[in-house]
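Summary of the model geometry
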Amino acid sequence: MEHWTAKRRDFLRMMGYGASAAAVAPLLAACGDANSQSSISELRSRLVQDEAFWTQVQSMFVLNPQRTYMNIGTGGSMPQVVLDVFAKENLLKAEDSSSGYGNLLDLRQQVAPGFGVDADELAFSANTSSGMCHAILGIDWQKGDVVVTTNHEHGGGNTPLSIAVARYGIEVSRIAMPVGNDQTAATYTNLFDERIRALKAQGKRVRAMMWSSPTYVTGTMLPIAELMQVVKTHELISIVDGAHLPGMMAYDYAALGMDFMSGAGHKWQCGPGSTGILVIRNKIRASNPLPLPKWYPVHSSSYSALERTTNGTATYDIAASVTSCGSLHVPMYKALAQACASWDTIGRKKIETYDLALSSYLKERIAERWGVESLYSPKDDPKLLSALTCFNPFANKADVKDAQKSTAFVNRMLSDFGPGFVIRNASFAVIGDSVNHNGIRISTHLWHDANDIDRLVDSMWSLRNSMA
Ligand SMILES: Cc1ncc(COP(=O)(O)O)c(C=O)c1O
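Cut-offs applied
- Residues numbered from 1 in each chain as written.
- Predicted model: local features only at pLDDT ≥ 70, side-chain atom pairs only at ≥ 80, totals over all residues.
- Heavy atoms only, no water.
- Core = buried A, V, L, I, M, F, W, Y, C linked by side-chain atoms within 4.5 Å.
- Buried < 20%, exposed > 50% of the residue type's maximum accessible area, 1.4 Å probe, protein only.
- Domains from an automatic or database assignment.
- Contact = heavy atoms within 4.5 Å.
- 1 Å grid on protein atoms, 1.4 Å probe; cavity = no way out; pocket = protein on both sides within 12 Å on 5 of 7 lines; lining within 4 Å.
- Points joined across faces, edges and corners; volume = space filled by probe spheres on them.
- Helix = DSSP H or I, 4+ residues; strand = E, 2+ residues; numbered from the N terminus.
- Nonpolar A, V, L, I, M, F, W, Y, C, P; charged D, E, K, R; others polar.
- pLDDT = per-residue confidence, 0-100.
- Near = heavy atom within 4 Å.
- Polar contact = N/O pair within 3.5 Å; in protein donor to acceptor, adjacent residues only side chain to side chain.
- Areas by Shrake-Rupley, 256 points an atom, 1.4 Å probe, with all protein chains shown as cover.
- Buried area = accessible area lost by both parts, 1.4 Å probe.
- Salt bridge = Lys/Arg side-chain N within 4 Å of Asp/Glu carboxyl O.
- Pairing = 2+ DSSP bridges.
- Axes fitted to C-alpha atoms, helices over the stretch in contact; angles between N-to-C directions.
- Phe/Tyr/Trp six-rings, centres within 6.5 Å; stacked < 30°, edge-to-face > 60°.
- Lys NZ or Arg CZ within 6 Å of the ring centre and 35° of its normal.

Counting residues in hydrophobic clusters, the biggest one holds 111 residues, and the most contacted among them are M209, W211 and Y253. No fewer than three residues from each of domain 1 (6-80 + 345-466) and domain 2 (87-344) sit in this core. Once you skip the residues sitting within four places of it in the chain, M209 turns out to touch V148, F192, I196, L227, V230, V231, L236, I237, S238 and I239. Grouped together as the second largest cluster of nonpolar side chains are 22 residues, A123, I170, L278 and A319 included.

Attention now goes to the layout of surface pockets. Of the pockets and cavities examined, the second largest pocket occupies roughly 280 Å³. When residues in the lining of the second largest pocket are grouped by element, the largest group, three residues, is from strand β1 (residues 67-69). Its residues placed into classes, the lining of the second largest pocket shows six nonpolar, five polar and three charged.

Here we take up the confidence of the model for the protein chain. Chain-level statistics for the protein chain give a pLDDT mean of 93 and a share of 92% at 70 or above. This stretch, residues 16-37, has a pLDDT under 50; its non-local contacts, to residues over four places away or in other chains, come to 42 contacts.

So, on to the site of the ligand. What surrounds the ligand is the set G73, N127, T128, S129, H154, Y216, D241, A243, H244, A264, H266 and K267. With respect to the ligand, the side chain of T128 contributes an N or O atom lying 2.8 Å from an oxygen atom. Residue H266 places a side-chain N or O atom 2.8 Å away from an oxygen atom belonging to the ligand. Relative to its free-state accessible area of 400 Å², the ligand is covered by the protein chains to the extent of 90%. Partitioned by chemical class, the residues of the shell around the ligand number three nonpolar, seven polar and two charged.

You can read the domains of the protein chain as domain 1 (6-80 + 345-466) and domain 2 (87-344). On a C-alpha basis, the centroid separation for the pair domain 1 and domain 2 is 25 Å. Facing 49 residues of domain 1, the contacting portion of domain 2 comprises 42 residues. Summed over both sides, the interface between domain 1 and domain 2 buries roughly 3500 Å², with carbon and sulfur atoms accounting for 58% of that surface. Applying the counting rule to domain 1 against domain 2 returns two salt bridges. Taking the shortest distance from any N to any O, the salt bridge between D344 and R348 comes out at 2.7 Å. Linking domain 1 to domain 2 there are 26 residue pairs in polar contact (both at pLDDT 80 or more). At the level of elements, α12 (330-346), α13 (348-370), β9 (388-391), β11 (424-428) and β12 (437-443) are the ones that each hand at least two residues to the side of domain 1 that touches domain 2. Counting residues per element, the side of domain 1 that touches domain 2 draws most heavily on α13, at six residues. When grouped by side-chain class, the residues that make up the side of domain 1 that touches domain 2 number 25 nonpolar, 14 polar and 10 charged.

This part covers the sheet that holds strand β2 (residues 122-125). In space, the seven strands of this open sheet follow the order β2-β8-β7-β6-β5-β3-β4, with mixed pairing throughout. Looking at the sheet topology across the chains shown, the edges are occupied by β2 and β4 (171-175). Ignoring which end each strand starts from, the neighbouring axes of this sheet average 20° apart. In this structure, strand β3 (residues 145-150) lies alongside strand β5 (residues 205-212), joined through four bridges in parallel fashion. Bridged to V147 within β5 is A208. Sheet strands in contact with helix α9 (residues 224-233) are β5 and β6 (237-241), and its direction is about 175° off that of β5.

Turning to the packing of aromatic side chains, a few remarks are in order. By the definition in use, this model includes 15 aromatic pairs. Plain terms: the ring middles of F124 and Y333 are 5.4 Å apart, the flat faces sit at 20° to each other, and that makes the pair stacked. One end of the pair, F124, is in strand β2; the other, Y333, is in helix α12, with 209 residues separating them in the sequence. The buried category is assigned to Y333, whose relative accessible area is 7%. One aromatic cluster is present, built from ring pairs that chain together F61, Y69, W343 and W447. The ring of F53 has K350 lying over it, and the distance from NZ or CZ to the ring centre is 4.5 Å.

Structure follows, in C-alpha cells:
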C-alpha cells in the first residue's frame, strides 16, 4: 500500500480496515436519484459529479485491467478487503481447526439490517439456486396447487418447480413476458392479476406467485412492491428469485413483505462463490398481513416443530434452520459478511443510485445509436430498471435469432478490443416470434464509470458494422 496516497489509504481503512462509519459521511454526499428520462448529457454529468469517490471505490477491486468486466450478473468480484478476511479466517481455521457447526447468528445479526430485516429472517444459503430449493421444496404443496410464474425464469427457480410438479402434483402457469421499452409496472400487475383471475374462473386453486426481479434475460425489474399487491389481493405465497438484488438494489425486504427472496452473495454483492442470501418472512408485519405459509426445512441440522407465528413475534428462528446444515465453511460466510459491511459503509442506496444511473446512461446511448426498439430492457419506467441491459446489436435485426452469431459477438467483444469486454448473451422467448432471441446482456456496477460505457458503446457499434 506504500504507493497509495494518504487519501486512498483513509478510504481503504473506511472500507473495512477499522475506521468508524462516521468518518465516511463526508464521502457520502447524496448523488441524487437517477431519472431514466434525463438527457444523455445530464446522466453523464451525474455519473461524473462524484468521480473522485467512485474512483476510490474502483481501487478496492483487484480486477484484471486487461479486461473490462461487465458480467456481474453471472459472478461478481471480491474486493481486496473481502479477500483479506477470507484468507485470514481460513488461516485461523487451519491453525485452530475450530468447529464449523452452528447457524451463524452473529453474522446474520451483522448482515440483516442492511436488508431491512431481523436475523431470524435472513439466512445464508449456498447461492440463489440453493435458496430457491429451500423456498420451493419446503412448502407443503397439495396436488393441484397452481404456481403462476413467467416464461423468463432461470433454471435456479425452474428446477425446484419441476421437482414440485413431479413430486407433489402442482401445476405451473407461465405468463409470456413482454420485452422492450413500451411497458410500465402496471403491465406486469395486470398480466399477473388477469392470469390469476382466469385460472380461478376455471376452478383452479392458485396458491403461489413466483417471479424474478430482475429477470436474468432482459434485466427487466419485475416490480416487487406492485406485484405484492396482487399477491395480497389473491392471498398467495410469494417467492422472488432475487439473484441480482443483493449488492445492486437497496431494498427493505421487511417493507416489501414477500415470503421468500432468494439472492446471490457472489454476484452484485461481491462475496465469495457458493454464498447466497435467503430472506424469509418469519413474522406478521403490516406490509403483508397474510398468514405465514406452512414450510419445512429440507436441508438442515435444525428443525423446530413449533407452528409458525400468527402475530408480530417469531416463534422460532427460521433462518437458522436454513443456514445450519452440518459443518459450515465459516471463513466463507465471514468474507460474505465483510462484503455486506463494505456495501453498508459505502451506502446501499448510493450504490443502487450509481448502478441505475450507469445502466440508464448505457440504455440511452444504445437507444441513441441503435434505436429504442433494439432494447429488450425497458428504460423509461424507473420501477422496471435494473443494472442489467439487454439489446439487439445487429445491423440485420434477424441476426439476433442466430445463436452462433450472437455468441460470436460476445467473443469478439473480448478478443477484438483492448481491454476487451466481458459480456454475455441470453436466449429467451419473444411474444409473436417462434424462435428465441439471443440478446446481448451487459452488467454495469460500481467499478465502472461513464468512460467505460462510452468505450463499450463505440466498440459494440464498430463490431456491429464489421459483422453486418
Ligand atoms: C435470475 C437468476 N436466478 C438464479 C440464478 C442462479 O444463480 P446462482 O448461481 O446464485 O445459483 C441466476 C444466475 O445467473 C439468475 O440470473
